[in-house]
Amino acid sequence: MLPQEIIRKKRDGSKLSTDELRYFAQGIADGSITEGQVAAFAMAVFFQHLDADECAALTLAMRDTGEVMEWASLNLPGPVIDKHSTGGVGDVVSLMLGPLLAACGGYVPMISGRGLGHTGGTLDKLDSIPGYQSTPDNGLFRHTVQQAGVAIIGQTACLAPADKRFYATRDITATVENIGLITASILSKKLAAGLDALVMDVKAGNGAFMPTYEESRRLAQSIAEVASKAGTPTTALLTDMNQPLAASAGNAIEVLEAIRFLKNECVNERLKEVTFALCSEVLQTSGLARNDSEALAKLQQALDSGQAAERFALMVRSLGGPADLMERPESHLPAAPVILPALAEEEGYLSSYHTRSLGLAVVQLGGGRTRAEQTIDHRVGFDGFLPLGHKVSPGTPLARIHARSEDDARLALQAFKESIVISPEPPESAPAIYERISS
Ligand code: URA
């Protein structure tokens, strides 16, 4: 096979065979295909697209360029399941979903990422826990999944190496925004975890990765279809990102919110609705629940009994974090030296968030990256966000800014004010979950 003939075939709009896609993915991973050819292939696909068969074949081919985890040898008494999100602001779902699923009988080997652009990353959040090893060796990872039922860790170099190179090339050749390529990229990494079932959270709204509702919907459909074709039953939920999902945004601050949620101390209803709905999907797909009401009852029981909190504690301890994190989170999680409240200046209703700008304000505070190699400040961010539609009057606290200096806090306050709108009339209420998509 010749790379240029495969590129030509796609450029001219023909369907590629599984063998051709395998050859190309392997060549991307082992370097036998040149940078120019990788870029030309990405552009050919960008304009001519992949159908669902091609997308499933490319997904599996990219997955197979690295290690594919196997769990059968552990004889786990439950299914291996996971969730992936396209990311957003205050999207702390993974930290609660993993332990909740574990408490309901699932095993969750979650490979998560760092923050990207304005969106936060689960790995950055967990790195705010002192001692937590987010890149353990394979033995410790497997042991933690077996013992705690959940281990949330970072991506290793052995996982879908073709995607690492392909994504980097797409990033600099204006070829990221293609549903087929995004689907293959996300799923090649997720399916390398050897899952029995997956649920996908595709965000829609002004803080989402996809620019329009329709595009988010198309991505959700593509992922559900391709993952299921590739042998991992998957459903997707389209969820709202026109406001931060949690009441906080920032690394240690979101961990604290997740711990309070798991301890049933402070449950944000919107966050709970989305978390439980995603859990319910994958509990049903994997056979751990027969229907939504059974799943929701199991999840509530996992929360009320403290079993979900216990699973989180076990995971943290197994991966090197403090044994008493759940009992005394504030004494372990780093805290910012400056806290500044953002107060309403007028009467009215909180009617919109510019969610992407809020995410960028966290980056500006030091809680995210502008360059890949940058270290971040886990202490900074926001908490106390009010939900859209909340009635406010002058002096009502709208949020609190956590910053490393007074100057940073003042800049973030300005950014926050520019990210919200207060109107005399209440906004139309928007659902937290728009749609369920199955293949
Ligand atoms: N996230 C990924 O992992 N890959 C893409 O192509 C886009 C977002």
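So, here is what we can say about the structure in this document. Since we're looking at a predicted model, the values are computed, not measured.

### Description of the overall build of the chain
Secondary structure assignment for the chain yields 17 helices and 12 strands. Its C-alpha atoms give the chain a radius of gyration of 22 Å, near enough to 22 Å, the size a compact globule of 439 residues would have. Seen through its principal axes, the chain has C-alpha atoms that stretch 70 × 45 × 40 Å. For the chain, buried positions account for 56% of its 439 residues. Considering only intrachain contacts with a sequence separation of at least 6, the fraction spanning at least 24 residues in the chain is 79%. Across the chain, 39 positive and 52 negative side-chain charges occur, with their mean positions spaced 3 Å apart.

### Points about the layout of surface pockets
Computed from the structure, the second largest pocket encloses a volume of approximately 400 Å³. Contributions of two or more residues to the lining of the second largest pocket are made by α11 (251-262), α15 (329-332) and β10 (397-403). A per-element tally of the lining of the second largest pocket places α11 first, with five residues. Residue composition of the lining of the second largest pocket, grouped by class: 12 nonpolar, four polar and five charged.

### Some details on the sheet that holds strand β4 (residues 197-204)
Across the sheet, four strands lie side by side as β1-β4-β5-β12; this open sheet has mixed pairing. Where the open sheet ends on each side, the last strands, each with one partner, are β1 (81-85) and β12 (433-438). Ignoring which end each strand starts from, the neighbouring axes of this sheet average 20° apart.

### Digging into the side chain of Gln-37
Residue placement: Gln-37 occurs in helix α3 (residues 35-48). Excluding anything up to four places from it in sequence, Gln-37 contacts Pro-3, Gln-4, Ile-7 and Phe-24.

### So, the sheet that holds β10
Spatial strand order, β6-β10-β8: three strands in an open sheet with antiparallel pairing. Strands with a single pairing partner mark the edges of an open sheet, and in this sheet they are β6 (338-343) and β8 (381-383). Between one strand axis and the next, the sheet turns through 30° on average, direction left out of account. With three bridges joining them, β8 and β10 adopt antiparallel strand pairing. Its bridge partner being in β10, Asp-383 is matched across the sheet by Arg-400. Where helix α17 (residues 406-418) meets the sheet, it contacts β6, β8 and β10, and its direction lies at approximately 25° from that of β6.

### Overview of the packing of aromatic side chains
Using the criterion set out here, one finds nine aromatic pairs in the structure. Taken together, a centroid distance of 4.1 Å and an interplanar angle of 20° make the contact between Phe-24 and Phe-41 stacked. Taken together, the residues Phe-24 in helix α2 (residues 18-30) and Phe-41 in helix α3 connect sequence positions 17 residues apart. Ring geometry for Phe-46 and Phe-47: centres 5.3 Å apart, planes at 85°, overall edge-to-face. For Arg-142, the ring lying beneath its charged end belongs to Trp-71, and the centroid distance is 5.0 Å.

Scoring rules and cut-offs
Residues numbered from 1 in each chain as written. Predicted model: local features only at pLDDT ≥ 70, side-chain atom pairs only at ≥ 80, totals over all residues. Heavy atoms only, no water. Helix = DSSP H or I, 4+ residues; strand = E, 2+ residues; numbered from the N terminus. Rg over C-alpha atoms; globule rule 2.2 N^0.38 Å. Buried < 20%, exposed > 50% of the residue type's maximum accessible area, 1.4 Å probe, protein only. Contact = heavy atoms within 4.5 Å. Lys, Arg positive; Asp, Glu negative; His and termini not counted. Charge placed at Lys NZ, Arg CZ, Asp CG, Glu CD. 1 Å grid on protein atoms, 1.4 Å probe; cavity = no way out; pocket = protein on both sides within 12 Å on 5 of 7 lines; lining within 4 Å. Points joined across faces, edges and corners; volume = space filled by probe spheres on them. Nonpolar A, V, L, I, M, F, W, Y, C, P; charged D, E, K, R; others polar. Pairing = 2+ DSSP bridges. Axes fitted to C-alpha atoms, helices over the stretch in contact; angles between N-to-C directions. Phe/Tyr/Trp six-rings, centres within 6.5 Å; stacked < 30°, edge-to-face > 60°. Lys NZ or Arg CZ within 6 Å of the ring centre and 35° of its normal.

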